[in-house]
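Residues per chain, in single letters:
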Amino acid sequence: MLERLLPIGLLLASNLFMTFAWYGHLRFPNAPLGWVILISWGIALLEYSLMVPANRIGHLVYSAPQLKGMQEVITLLIFAGFSAGYLGQPLKWNHWAGFALIAVAAWLIFWE
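Residues numbered from 1 in each chain as written. Predicted model: local features only at pLDDT ≥ 70, side-chain atom pairs only at ≥ 80, totals over all residues. Heavy atoms only, no water.

1. Re the nonpolar core
Item 1. Leu10, Leu11, Met51, Ala54, Tyr62, Leu67, Met70, Ile74 and Ile78 form the largest nonpolar core, which has nine residues in total.
Item 2. Examining the composition of this core, we find that four residues originate from one element, helix H3 (residues 64-85), more than from any other.
Item 3. Apart from the residues lying within four places of it in its own chain, the contact partners of Ile74 are Ile8, Leu11, Leu12 and Asn15.
Item 4. Core analysis: the next-biggest nonpolar cluster, separate from the first, contains five residues, Leu76, Phe79, Ala80 and Leu91 among them. (Core = buried A, V, L, I, M, F, W, Y, C linked by side-chain atoms within 4.5 Å. Buried < 20%, exposed > 50% of the residue type's maximum accessible area, 1.4 Å probe, protein only. Helix = DSSP H or I, 4+ residues; strand = E, 2+ residues; numbered from the N terminus. Contact = heavy atoms within 4.5 Å.)

Quick look at the structure:
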């Protein structure tokens, strides 16, 4: 059971870092771009330090397409919370509809 849950936990944590690395700086539009890039790279290093083991461990029980499908759904869920909570930009109905279609696509990947 741990081999199935550990990759999901690592993907959740890595996607949290990824979202901050890619979008966290949007709250600071006046920050110098060079600093933003360096800080984002530092955060991305933490993300990679979790993502790579998540995929390595996860591949023992999941296929590569299943891991990617999981990662996409996790990314969308974390981004939805981040967008509303951190950036103050809650998602609209069309965003949710688009994300739902992606979630359905990920679900189809798990169909054997």
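2. Regarding the side chain of Ser83
Item 1. Locating Ser83 in the fold gives a position in helix H3.
Item 2. The class for Ser83 is buried, based on a relative accessible area of 4%.
Item 3. Not counting residues within four places of it along the chain, the set of residues in contact with Ser83 comprises Gly88, Gln89, Pro90 and Leu91.

3. Here's the deal with the packing of aromatic side chains
Item 1. Evaluation of the coordinates by the stated rule reveals eight aromatic pairs.
Item 2. Relative to Phe110, the ring of Tyr62 lies with its centre 6.2 Å away and its plane at 80°, an arrangement referred to as edge-to-face. Of this pair, Tyr62 sits in the loop between helix H2 (33-58) and H3 while Phe110 sits in helix H4 (residues 93-110), and the two are 48 residues apart along the sequence.
Item 3. Between Trp107 and Trp111, the aromatic rings sit 5.0 Å apart at their centres with planes inclined by 50°, giving tilted as the arrangement. (Phe/Tyr/Trp six-rings, centres within 6.5 Å; stacked < 30°, edge-to-face > 60°.)

4. Description of the pattern of salt bridges
Item 1. Applying the stated criterion across every chain, the model contains one salt bridge.
Item 2. Of the charged contacts, one joins Lys68 and Glu72 as a salt bridge, the two residues approaching to 2.8 Å between their closest N and O atoms. Of the two residues, Lys68 and Glu72 both sit in helix H3, four residues apart, roughly one turn of that helix. (Salt bridge = Lys/Arg side-chain N within 4 Å of Asp/Glu carboxyl O.)

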